[in-house]
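Structural features, examined
Residue strings, one per chain:
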Amino acid sequence: MEIFFYWFDHLGVAVFAISGTLLAFRKNMDGFGVIVLAGATAIGGGTIRDLILDLPVFWAHDPTYLYTIIAAAVLTIFWLRLRDYIHQKTLLIADAIGVAFFTVMGAQKALMADFPAIICVTMGTITACFGGMIRDVLARDVPMVLKSELYATTCIVGASVYVLLAAFNPLLALFIGGLTTLLLRLAAIRWQWHLPVFQEHSDSR
Amino acid sequence: MEIFFYWFDHLGVAVFAISGTLLAFRKNMDGFGVIVLAGATAIGGGTIRDLILDLPVFWAHDPTYLYTIIAAAVLTIFWLRLRDYIHQKTLLIADAIGVAFFTVMGAQKALMADFPAIICVTMGTITACFGGMIRDVLARDVPMVLKSELYATTCIVGASVYVLLAAFNPLLALFIGGLTTLLLRLAAIRWQWHLPVFQEHSDSR
Amino acid sequence: MEIFFYWFDHLGVAVFAISGTLLAFRKNMDGFGVIVLAGATAIGGGTIRDLILDLPVFWAHDPTYLYTIIAAAVLTIFWLRLRDYIHQKTLLIADAIGVAFFTVMGAQKALMADFPAIICVTMGTITACFGGMIRDVLARDVPMVLKSELYATTCIVGASVYVLLAAFNPLLALFIGGLTTLLLRLAAIRWQWHLPVFQEHSDSR
C-alpha cells in the first residue's frame with residue numbers, strides 16, 4: 001500500500017514535470033529554464049504543503065523524485081524534437097492529469113497526519129495548484145488557476161470527495177477523488193465552464 | 001488576554017481578505033481567484049513568518065481562520081453587488097487597516113517567542129507586507145510595497161514602537177503600535193509621502 | 001574554520017545585497033524597495049534552503065545578517081550618488097560573485113547535515129539562484145536564471161565540483177568550487193554562452 005502511494009506520487013510528479021517542460025518550450029527557454037519550470041511545477045505545491053504541515057519535505061531525503069523530474073523533462077524534449085508543433089491542448093491535458101493526481105495525494109498526506117477535514121481539502125488544493133502557479137509566475141503568464149475555466153474548484157470538489165470516502169475505503173477514495181477531479185477539469189476545458197466572474201460596473205446578474 | 005489576541009488576529013485576517021477580494025474584483029477574476037487572492041493576502045505573510053521562526057503555522061491546526069476568510073470574501077462580494085463601483089481608495093484603506101493589525105501581531109508573536117528586537121520588527125514587517133506582495137504578484141500588479149507612498153516604512157516604525165513599549169505594557173503597546181502604523185499609512189496616502197527615490201542619471205539632491 | 005565559514009557567508013550576503021540595490025536603483029524604487037530587493041536577493045535563497053532541509057533559518061537567530069544587508073545597501077547607495085551612471089555589467093558581475101559564494105555555501109550546509117549528493121548540489125543551486133529569482137519577479141524582470149546565458153548550469157557544475165572534492169579537503173573544495181562557478185559565469189557573460197534553446201517550429205538540429 002505504502003509502495004503503491006509512492007509510485008502514484010511519482011506518476012504525478014512526472015506528469016507535472018511534462019507540463020512545466022511544455023510551457024518552457026512554448027516560451028523558448030533554454031535547458032535550465034526547462035528544469036526550473038519542470039521542477040517548480042512538479043514539487044512546488046508539495047513542498048509548500050509539507051512546510052505548512054511541518055512534515056519533512058518529501059523530496060529532501062529521497063532524491064528519486066529529482067531523477068523522475070529530469071527523466072520526464074528529457075523524454076519530453078526528445079518527443080518534442082520528433083514533432084513539428086505541440087497541439088494547443090497538450091499542455092492543458094498534462095496539467096489536468098497532474099492536478100488530479102496531486103489533489104488526492106495532497107489531501108491524503110494531510111489526512112494521514114490527522115489534520116481537520118477542511119485543512120486536508122485545502123492541502124489537496126495547494127499541492128495541486130501552487131506548483132502550476134509558481135510555474136506561471138516565473139514564465140510571466142497569467143496563472144492558469146486565476147483566469148481560466150474551473151480549475152481550483154475542481155480540486156476542492158475532488159479533495160472533498162476523497163476526504164468523505166476515505167473513512168470507508170482509502171484506496172477507492174483515492175481513485176474516485178482523482179477521477180472526479182480529472183473529469184471535472186477536462187469537462188471544464190471542453191465546454192469552457194466558468195465560475196461567475198466579478199466585474200466592476202457589472203449590469204448583468 | 002490570549003483570547004483577545006486571537007480575535008484581534010481574526011480581525012486582521014478578515015480585513016486583508018477584503019482587500020484581496022477587492023483586487024480580484026478589479027481584475028475581473030472568478031470566484032476562485034477571489035478566494036486565492038483573499039487567502040494569499042490574509043495568511044501569506046503570517047505563514048512565511050511562522051515558517052521562518054519555526055513555529056507551527058497558525059492556521060494549519062485551526063481551520064477557523066479559513067472560515068473567516070471565506071466569510072469575509074463572500075460578504076465583500078455581496079456588498080460589491082449592491083454598489084455600482086468601488087471608490088478608488090477603498091482598497092487602499094482596507095489594506096492600511098490590515099497592515100496596522102498584522103504589523104503589531106507579527107512583532108508580538110516573535111517577541112513572545114523570545115527573538116531579538118530587530119527580528120521582531122522584521123517579522124512584523126514581513127507579516128504585514130508579504131501577503132499583499134504575493135497578492136500583487138499573482139494579480140500582476142507592481143507590488144504596492146515597492147512603488148507606492150510610505151508603506152513598509154510605516155510597518156518598521158509601528159513595529160519598533162510596539163517592541164519598545166511592550167516591555168512596559170503589552171496591551172497598550174499593541175494599540176499604540178497599531179495606531180501609529182495606521183495613521184502614518186493613511187497620512188502617506190493622503191499627502192503622498194514618499195521616501196526619496198533613487199534614479200539613474202539623477203541631477204537633483 | 002566555523003568562524004571562517006561564517007564570514008564567508010556574510011561576504012556572499014553583502015555582494016547579493018549590492019546586486020539587489022543596483023536593480024532597485026535601475027527600477028527607480030524608493031529606499032524601502034531597495035531594502036526589500038537587497039534582502040530578498042541576499043537571504044531569499046538561503047531561507048528556502050533552510051526551510052526545505054528543516055534546519056533553523058540562518059538569520060532568524062542571528063540579526064547580524066540583517067545589519068550586513070542594510071550596511072551593504074546604504075554603502076551602495078552612497079557610491080551610486082558619487083557616480084553619474086552604473087556600467088551595464090556592474091549588476092551582472094555583482095550577481096556572479098554572489099552566485100559563486102552561495103553555490104558552495106549552500107552545498108556545504110546540506111553536506112554538513114548529511115544529505116545525499118544530488119540534494120547537496122540542488123541546495124547549492126537553490127541557495128544561489130532563488131534569491132535572484134525572487135528579486136527579478138518582484139522587480140517584474142524576466143528572471144535572469146531563466147533567460148540569460150549559462151546561469152544555473154554554472155551553479156550545478158560548481159556545486160558538483162565542491163561535493164566531489166569535499167571528501168578530500170573541505171576548505172580547498174570550497175575555493176575551487178566557488179572559483180569554478182565564478183569563472184564559468186563570467187565567461188558565459190563575456191562570450192554569451194547559452195544552453196540550446198528549445199523553440200516551437202524549430203527547423204535546426
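Values in this document were obtained by computation on a predicted structure and should not be read as measured data.

1. Remarks on the nonpolar core
Among the nonpolar cores identified, the biggest contains 206 residues, and A:W59, B:W59 and C:W59 are the most heavily contacted of them. Not counting residues up to four positions away in its chain, the partners in contact with C:W59 are B:I52, B:I119, B:T122, B:M123, B:I126, C:I43, C:T47, C:Y65 and C:L66.

2. Description of a nonpolar patch on the surface
Residue and element names in this part refer to chain A. Together, I3, F4, W7, L172, F175 and I176 give the surface a local cluster of nonpolar side chains, amounting to about 600 Å² of exposed area. When you line up the elements, I3 lands in helix 1 (residues 2-26). Its relative accessible area of 54% is what places I3 among the exposed residues.

3. Focus on the packing of helix 2 (residues 31-53) of chain B against helix 4 (residues 90-112) of chain B
All names here are of chain B. Their axes nearest at 11 Å, the elements helix 2 and helix 4 cross at an angle of 15 degrees. Relative to helix 4, helix 2 is oriented roughly parallel. The crossing of helix 2 and helix 4 is right-handed. Listed contacts from helix 4 to A42, R49, D50 and L53 of helix 2 are F102, M105, G106, K109 and A110. Here the contact of helix 2 with helix 4 is built from residues that sort into 5 nonpolar, 1 polar and 3 charged.

4. Focus on the packing of helix 1 (residues 2-26) of chain B against helix 3 (residues 64-82) of chain B
All names here are of chain B. At a minimum axis distance of 8 Å, the contact between helix 1 and helix 3 shows a crossing angle of 45 degrees. If you check the angle between helix 1 and helix 3, you find them oblique. The hand of the helix 1/helix 3 crossing is right-handed. Contacts between helix 1 and helix 3 pair Y6, D9, H10, V13, A14, A17, I18, T21, L22 and F25 from the former with T64, Y65, T68, I69, A72, A73, T76, I77, W79 and L80 from the latter. Among the residues forming the contact of helix 1 with helix 3, the class breakdown is 14 nonpolar, 5 polar and 1 charged.

5. Topic: the confidence of the model for chain A
Residues and elements named next belong to chain A. Confidence along chain A averages 82 in pLDDT terms, with 90% of residues attaining 70 or more. The lowest-confidence element of chain A is helix 6 (residues 144-147), averaging 70 in pLDDT; the highest-confidence one is helix 7 (residues 152-166), averaging 88. Taken as a whole, residues 201-205 scores under 50 in pLDDT and shows 4 contacts with residues more than four places along the chain or in a different chain.

6. Comments concerning the UniProt feature "transmembrane region" (unreviewed entry) in chain A
All names here are of chain A. Using the residue numbers shown here, the UniProt feature "transmembrane region" (unreviewed entry) corresponds to residues 6-25, 32-52, 64-82, 91-109, 115-138 and 150-168. Taken end to end, residues 32-52 comprises 100% helix and 0% strand; its first and last C-alpha atoms sit 28 Å apart. Taken as a whole, residues 115-138 contains 92% helix and 0% strand, while its terminal C-alpha atoms sit 31 Å from one another.

Calculation rules
- Residues numbered from 1 in each chain as written.
- Chains lettered and ligands numbered in written order.
- Predicted model: local features only at pLDDT ≥ 70, side-chain atom pairs only at ≥ 80, totals over all residues.
- Heavy atoms only, no water.
- Core = buried A, V, L, I, M, F, W, Y, C linked by side-chain atoms within 4.5 Å.
- Buried < 20%, exposed > 50% of the residue type's maximum accessible area, 1.4 Å probe, protein only.
- Contact = heavy atoms within 4.5 Å.
- Patch = residues over 30% accessible without salt bridge, like charges linked within 9 Å, V, L, I, M, F, W, Y side chains within 5 Å.
- Areas by Shrake-Rupley, 256 points an atom, 1.4 Å probe, with all protein chains shown as cover.
- Salt bridge = Lys/Arg side-chain N within 4 Å of Asp/Glu carboxyl O.
- Helix = DSSP H or I, 4+ residues; strand = E, 2+ residues; numbered from the N terminus.
- Axes fitted to C-alpha atoms, helices over the stretch in contact; angles between N-to-C directions.
- Parallel < 35°, antiparallel > 145°, perpendicular 65-115°, else oblique.
- Left-handed = near helix turned anticlockwise from the far one by under 90°.
- Nonpolar A, V, L, I, M, F, W, Y, C, P; charged D, E, K, R; others polar.
- pLDDT = per-residue confidence, 0-100.
- UniProt positions renumbered as here; feature names shortened; annotations may be inferred.

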